[in-house]
Amino acid sequence: MTKKIHLISTVLSLPLLALAACTPSTPSASTSPAAEKQSVGVVLDTGGENDKSFNEYTIKGAKAGADAAGLGFAYVASAGSSDYEKNIETQISEGADLIVTVGFLMGDATAAMAKKYPDTKFVIIDYAYAPGAEGVDPYTTELKNVTSLMFAEDQAGYLAGVLAGCVSEAGKVATVSGMEIPPVQRYVQGFQAGAKSVNPSIVTLNQYIPDFNDPATGKSVGQSFISQGADIIFAVGGNTGNGGLLAAKEAGKMGIGVDVDQYLTYPEVKDSLLTSATKNIDVATTNAIQEFAAGQLKPGIELATIASGGVGLAPYHDAESKVSQECKAKVTSAQAAIKADPKITGVK
Amino acid sequence: MADVKQKPFITIGRQLITPLLAIATAMLITVPIIGFTLNWDWAKVAVTYGGLLDGALFKQYAFANTLVSAIPLMFTGLALALGFRTGVFNIGASGQFLMGATCAVFVGYAIPLPPLIHPLVALIAGAIGGGLWGAIPGFLKARFGSHEVINTIMLNYLAFFLQDWLVKNPMKDPSPTIVRTPEILATAIIPRFYDRLHWGLAIALMAAYGVGWLLSKTTFGFELRTVGSSPEAARYAGMKIGRLTVLSLTLSGALAGLGGAVQILGVDRAMPVLYSSDYGFDAIPVALLGQNQPIGVLLAAVLFGALRNGSDVMQLRSGGAVSKEVIFIVQAVILLFVAAPAIVRWIYRLKLPKSQLETAPLTRGWG
């Protein structure tokens, strides 16, 4: 059995030997000459590149932006949450000058790496850092190299509300919502304000469901709203909201999708989909990368609005004929009204 | 060990030959695939493989990162290997890993304790959490004869949704947007000693030594192995089969749970929703490739960690043309070959050594 012990001690010492061997070797690739073209590195969360949502549209937008500005482009998908920091670091050491991360799950990792690599620029999608303990804006202190791309969900929600309020015959519209977090709240408040702007007596129903991946509850909430008389369901909660869209389809009512054009990503309900309130993640990402290429990317929160093309409504697709010209005109004039005065959505 | 009397080097050589050929064959199979993706541009192919090697081993901090990725696989791999050696197929390492992580993160952030004691208590909590999660299918098997493969898979889902609920409700950090538990207290952290590499590595090595010692050097381990290889003989010898079955799944679960605890305390320091738990499934090829020997499991885990890290750089260096998923082909082929060594022997015309007609079956069949 002594051979066993020998083996064990060999194995024990292997990593140390290898470490010693590795330390002084290969200088990292980040010190590439300035003449080389700059490069954009995207790090995805665990959703992967074909999630029909944030990850997919971030890649699409980043690639378009990098191609247009003549920058290099590469992305890495994360196998697990333990890998976020490592993957960001890998991108940097492989020569990325701008890191784009898909927010929400990656907020902590992005902040940690932004502090560690102050010379690299970071863009994080849909995640904003809250002010510190004394109200200090983190973007002016330790996160000077970070830009958060945020979306005016209230504006997209407002347009959806205008449409729903105009199309609704019952005078009752509902939102099936995910977790009660700021972006979802903004959608809902904007939607309700929009619906009331075209029909002051309209009844709005809403239910937050503390989960983005619970279509069963979403469906039963949607069914309960329909039984209370609602004839338009705005689904603001990822997969949970999809349950609400399904409930609308099965009851012969209409639904409105969220975040991306769900006519394309959730074709099962396309017959009963009026439109989707979208965050144009690809457009916002492309814009940010072009600003970076022009040296104009500023730290802080960059808000994508109707005016910037960053939020809006998706095409009507099959509902084109179902929506009256009058309602379409009301949506168009609401767009102009928001551009003139963003405060009409009732959200700061 | 059945084959102790043979000359040691021949034995080791024989044990190594199947896994090494499996790895080599799997890597060879990727050559035409990567070549095809890159339009047979061999310069690019070389750069791509260079990326794999660089990312796995040679870049700055690459080997440290490889070890960091390997550590959770070492624990779950040991859990599976212990199971295989004692006749249970524990597919529930994912769930046990998750329960261990959950218990450890709770101790880590909610219970203030002095340094050194704090991580120790959190590790023990993780092992208990994983162990209990393993004991359930063990009890169901011993008491009702229901197969552990079914029950451990079921418990994976239970663990997954229990963790999901806990992190979204009682364990949620009150900070506004990110859904995760609070960070563990500074006293509970397993420190890092080289870039991201943390002392969990030492714990994994100790665990491997412990498993080897338990199985080879103790009466209890002998009993466990006997129940695994020949339950009838064990029964005839008066061993308490039911108790031993529960214990082997408990120990297996405890190892996986310990892995979850180490990952939380050493790497993540807080637990988000959708906390990664692939480690339980990757553990199956890791254990099989390691021939269910502790040292083999450690080396196989390092290989899988290297593939996982190298593949990122491989994808980047190929300009995105070669997807990192190529390494899943490598892993799958390795799994195929080590699970059916006859294929490797047939390809390479190896003779089956006379002395060993594949010792004890990995697991007993159904019923």
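Computed from a prediction, not measured in an experiment: that's the story for all the values here.

A. Structural context of the overall build of chain B. Of the regular secondary structure elements, chain B holds 14 helices and 2 strands. Compactness check: chain B gives a C-alpha radius of gyration of 21 Å against a globular reference of 21 Å for 367 residues, within 12% of the reference. Counting only C-alpha atoms and orienting by the principal axes, one finds that chain B spans roughly 60 × 55 × 35 Å. Considering chain B as a whole, with its 367 residues, one finds that 56% of them fall into the buried category. Once local pairs closer than 6 in sequence are excluded, the contacts in chain B between residues at least 24 apart make up 75%. Of the roughly 15700 Å² of accessible surface on chain B, 71% is carried by carbon and sulfur atoms. Computing the positive centroid from 27 side-chain charges and the negative centroid from 16, chain B places the two 9 Å apart.

B. Looking closely at the state of the cysteines. All names here are of chain A. Scanning the entire structure with this criterion turns up 1 disulfide over all chains. The disulfide partner of cysteine 166 is cysteine 327, and the S-S distance across this bridge is 2.0 Å. Disulfide cysteine 166-cysteine 327: torsion about the S-S bond near -85°, hence left-handed. Pair noted here: cysteine 166 is in helix H5 (residues 153–167) and cysteine 327 is in helix H11 (residues 325–340), with a separation of 161 residues, a long-range link. Like cysteine 327, cysteine 166 is buried.

C. Spotlight on the environment of Lys240(B). Topologically, Lys240(B) is positioned in the loop between helix H9 (231–236) and helix H10 (241–268). For the pair Lys240(B) and Leu274(B), spaced 34 residues apart in sequence, the C-alpha to C-alpha distance is 39 Å.

D. Seen up close, the side chain of Gln315(B). Secondary-structure assignment places Gln315(B) in helix H12 (residues 294–317). When its relative accessible area of 3% is taken as the criterion, Gln315(B) is described as buried. Here Gln315(B) is in contact with Tyr75(A), Val76(A), Gly320(B), Val322(B), Ser323(B) and Lys324(B), once residues within four sequence places are set aside.

E. Focus on the domain arrangement of chain A. Residue and element names in this part refer to chain A. For chain A, the domain assignment lists domain 1 (39–151 + 284–304) and domain 2 (153–278 + 316–345). The gap between the C-alpha centroids of domain 1 and domain 2 is 30 Å. If you look at the interface, domain 1 gives 8 residues, while domain 2 gives 7 residues. Buried area between domain 1 and domain 2, both sides added, is near 610 Å², and the carbon and sulfur share of it is 56%. Counting the surface domain 1 buries against domain 2, the share from its top three residues, Lys52, Tyr57 and Phe151, is 57%. Scanning the region where domain 1 abuts domain 2 turns up 0 salt bridges. For the pair domain 1 and domain 2, the number of links is 1 residue pair in polar contact (both at pLDDT 80 or more). Secondary-structure elements contributing two or more residues to the side of domain 1 that touches domain 2 are helix H2 (54–69) and strand S5 (146–151).

F. Representation of the confidence of the model for chain A in the model. This prediction gives chain A a mean pLDDT of 86; 89% of its residues lie at or above 70. The model gives residues 1–35 of chain A a pLDDT under 50, and that stretch makes 33 contacts with residues more than four places away or in other chains.

G. Up close: the sheet that holds strand S8 (residues 232–236) of chain A. Residue and element names in this part refer to chain A. With mixed pairing, the 6 strands of this open sheet are ordered in space as S7-S6-S8-S9-S10-S12. Each edge of the open sheet is held by one strand with a lone partner, namely strand S7 (203–208) and strand S12 (311–313). On average, adjacent strands in this sheet sit at an angle of 15° to one another, irrespective of strand direction.

H. Looking closely at the sheet that holds strand S1 (residues 39–43) of chain A. All names here are of chain A. Taken in spatial order, the 6 strands of this open sheet run S2-S1-S3-S4-S5-S11, and their pairing is parallel. Of all the strands in the sheet, the pair left with one neighbour each is strand S2 (72–76) and strand S11 (300–304). Strand-to-strand twist of the sheet, defined as the mean angle between neighbouring strand axes without regard to direction, takes the value 20°. Looking at chain direction, S5 and S11 are connected through 5 bridges and run parallel. Along S11, the bridge assignment pairs phenylalanine 151 with alanine 304. Strand contacts of helix H3 (residues 84–93): S1, S2, strand S3 (98–102) and strand S4 (121–125), with the helix running at about 165° to S1, the strand carrying the most contacts.

I. Inspection of the pattern of salt bridges at higher detail. Applying the stated rule across the entire model yields 25 salt bridges over all chains. Here Lys59(B) and Glu94(A) are joined by a salt bridge, their closest N and O atoms 2.8 Å apart. Taken together, the residues span two chains, with Lys59(B) in the loop between helix H2 (42–58) and helix H3 (62–85) and Glu94(A) in the loop between H3 and S3. For Lys59(B), a relative accessible area of 12% translates into the label buried. Arg186(A) is paired through a salt bridge with Glu153(A); the nearest N and O atoms lie 2.8 Å apart. Of this pair, Arg186(A) sits in helix H6 (residues 182–198) while Glu153(A) sits in helix H5, and the two are 33 residues apart along the sequence.

J. Layout of the pairing of S5(A). Residue and element names in this part refer to chain A. Judged by how many residues are buried, S5 sits mostly within the fold: 6 of 6 residues are covered. Here S5 shows no split at all, with Val146, Ser148 and Met150 on one side and Thr147, Leu149 and Phe151 on the other all buried. With 4 bridges connecting them, S4 and S5 associate as parallel partners. Across the sheet, isoleucine 125 pairs through a bridge with leucine 149, a residue of S5.

How each quantity is defined
- Residues numbered from 1 in each chain as written.
- Chains lettered and ligands numbered in written order.
- Predicted model: local features only at pLDDT ≥ 70, side-chain atom pairs only at ≥ 80, totals over all residues.
- Heavy atoms only, no water.
- Helix = DSSP H or I, 4+ residues; strand = E, 2+ residues; numbered from the N terminus.
- Rg over C-alpha atoms; globule rule 2.2 N^0.38 Å.
- Buried < 20%, exposed > 50% of the residue type's maximum accessible area, 1.4 Å probe, protein only.
- Contact = heavy atoms within 4.5 Å.
- Areas by Shrake-Rupley, 256 points an atom, 1.4 Å probe, with all protein chains shown as cover.
- Lys, Arg positive; Asp, Glu negative; His and termini not counted.
- Charge placed at Lys NZ, Arg CZ, Asp CG, Glu CD.
- Disulfide = S-S within 2.5 Å.
- Domains from an automatic or database assignment.
- Buried area = accessible area lost by both parts, 1.4 Å probe.
- Salt bridge = Lys/Arg side-chain N within 4 Å of Asp/Glu carboxyl O.
- Polar contact = N/O pair within 3.5 Å; in protein donor to acceptor, adjacent residues only side chain to side chain.
- pLDDT = per-residue confidence, 0-100.
- Pairing = 2+ DSSP bridges.
- Axes fitted to C-alpha atoms, helices over the stretch in contact; angles between N-to-C directions.

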